[in-house]
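# Architecture at a glance
In case you want the letters, here they are:
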Amino acid sequence: MTEGLESPLVRVPFESLKRTARDRKYALDAVDSLLGGLREGQGSEPPTAADTAKRLGVCVQELQGLKRKLDAAGQAEREDVQRLKARLDHLRELGAPSRGAQIEWNRRRIDRLLVDHLLRCGLHDTAAKLISSAHVKDVVDEHVFLAARRVVESLRRHDCSEALAWCEENRAKLKKSRSKLEFRLRVQEFLELVRASRMGEAITYARMHLAPFAGQHMGELQRAVATLAFKADTTCGPYQQLFDESQWEELVELFHRELYKLHSLTPMSLLSVHLQAGLSALKTPQSLQDSCSREDPLHLPAFRTLAQGLPFAKHVHSKLVCAVTKEIIDEHNPPFVLPNGYVYSEKAVQQMAVGSGGKFTCPRTGATYDVSELRRAFIS
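Anyway, here's the lowdown on the structure attached to this text. (Residues numbered from 1 in each chain as written. Predicted model: local features only at pLDDT ≥ 70, side-chain atom pairs only at ≥ 80, totals over all residues. Heavy atoms only, no water.)

### What to know about helix 14 (residues 270–282)
For helix 14, with 13 residues, the first-to-last C-alpha span of 19 Å sits near the 18 Å given by 1.5 Å per residue. Among the residues of helix 14, Leu-270, Leu-271, Ser-272, Gln-276 and Leu-279 are the ones counted as buried. (Helix = DSSP H or I, 4+ residues; strand = E, 2+ residues; numbered from the N terminus. Expected span 1.5 Å × (residues − 1). Buried < 20%, exposed > 50% of the residue type's maximum accessible area, 1.4 Å probe, protein only.)

### Details of the environment of Cys-292
Relative to the elements of secondary structure, Cys-292 occurs in the loop between helix 14 and helix 15 (301–306). Spatially, the C-alpha atom of Cys-292 lies 74 Å from that of Val-60, the residues being 232 residues apart in sequence. Ignoring any residue separated from it by four or fewer positions in sequence, one finds Cys-292 in contact with Gln-286, Ser-287, His-299 and Arg-304. (Contact = heavy atoms within 4.5 Å.)

### Some thoughts on the layout of surface pockets
Volume-wise, the largest pocket comes out at about 1,400 Å³. Forming the walls of the largest pocket are 43 residues, and the residues nearest its centre are Arg-19, Asp-23, Glu-169, Asn-170 and Lys-173. When residues of the lining of the largest pocket are traced back to their parent elements, those giving at least two are helix 1 (2–40), helix 2 (49–94), helix 5 (142–156), helix 6 (161–169), helix 7 (171–176) and helix 13 (246–262). The element contributing the most residues to the lining of the largest pocket is helix 1, with ten residues. Here the lining of the largest pocket is composed, by residue class, of 17 nonpolar, seven polar and 19 charged. A volume near 980 Å³ is recorded for the second largest pocket. If you trace the second largest pocket, you find 24 residues lining it, with Gln-286, Ser-293, Lys-319, Leu-320 and Val-321 closest to the centre. (1 Å grid on protein atoms, 1.4 Å probe; cavity = no way out; pocket = protein on both sides within 12 Å on 5 of 7 lines; lining within 4 Å. Points joined across faces, edges and corners; volume = space filled by probe spheres on them. Nonpolar A, V, L, I, M, F, W, Y, C, P; charged D, E, K, R; others polar.)

### Considerations on the sheet that holds strand 7 (residues 375–376)
Strands sit in the order 4-3-7 across an open sheet of three strands; the sheet is antiparallel. At either margin of the open sheet sits one strand with a lone partner, and together these are strand 4 (343–345) and strand 7. Two elements, strand 3 (residues 335–337) and strand 4, share three bridges in a ladder whose sense is antiparallel. Counted as the bridge partner of Pro-335 is Ser-345 from strand 4. Lying on the sheet, helix 16 (residues 346–354) is in contact with strand 3 and strand 4; it crosses strand 4 at an angle near 80°. (Pairing = 2+ DSSP bridges. Axes fitted to C-alpha atoms, helices over the stretch in contact; angles between N-to-C directions.)

### Points about the packing of aromatic side chains
A complete count under the given rule lists five aromatic pairs for this structure. Plain terms: the ring middles of Trp-166 and Phe-255 are 4.9 Å apart, the flat faces sit at 75° to each other, and that makes the pair edge-to-face. Of the two residues, Trp-166 is situated in helix 6 and Phe-255 in helix 13; the sequence distance between them amounts to 89 residues. Taking relative accessible area as the criterion, Trp-166 reaches 10% and is therefore assigned buried. One Lys or Arg, Arg-120, reaches over the ring of Tyr-260 and ends 4.4 Å from the middle of that ring. Positioned over the ring face of Phe-312 is Lys-283, at 5.1 Å from the centre of the ring. (Phe/Tyr/Trp six-rings, centres within 6.5 Å; stacked < 30°, edge-to-face > 60°. Lys NZ or Arg CZ within 6 Å of the ring centre and 35° of its normal.)

Structure below.
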């Protein structure tokens, strides 16, 4: 399980290196194509000096653009190699926890998990402070979230331009994964035109930007275009929902899902994954009752929300724990039943009876009984 949870740490820069290598190959292919075009352009008649100068000028401009792409690819490769090396060194140094060093070993991992969670929650300034104080810059993916921050902020301002530019930049990868992000963004821009009662522009926009998606998303496309008749102030449920403000937050969530998929990040933060793994070992039907013990983490609403959908823990052999001594009740520390039905361990009865003249007061109800009234129970 540990290997599975740690794999994104190395996979993110590795996959980024693979993408950069492909981009470099495309740029080099473009250079070959450009030079090949120059050679093929030489006809039977020699070109004039003006034609040659013009062709060379265009060629130089295109080569300069390709050089900038190659320089950017080289810089990205150097940064990814540095991150990959730092993360491999980090995992090698981390290793398995040695005796007596578990706290420090866990702290180094928790710092990474907290930074990842903070970045996913949009708390970039807090994450930056933790990165600086914990010295984990090369082992966290802050650069991925900082690049996406501009898109998220733009969407929350009800502006799709940054997100559409991001889709254009990653068109090939999004198409391969059959992403709906660009379609949803186009629909939202169309709906904003309808909201503003700019029907002519909305129709033109639909013909230009929505029609190409008809083969893939016909049902959703028809529903969106029908708003031309229903308008933004409609009370018809299916169409009223399209104009709800929550659509923008859904776009933010969809963008995040595509971002995580593109960069080989886990769909949810690793902190949540670790917490759910622990909660799944503690979750029982009793944990979800109002009478749940306050010592059970699942009595907290936040943990109950996180545990939704998790299976109940399978306990083949149940263990009884005394509410007073917090020790396991077994044959060496047998249970005693009070007349009111509450059960406590023998050690708890002895401890409380010593200073109270052979009396035992139930911590739950406050009722006091003589020790002789208690009856031993047997666990089968």
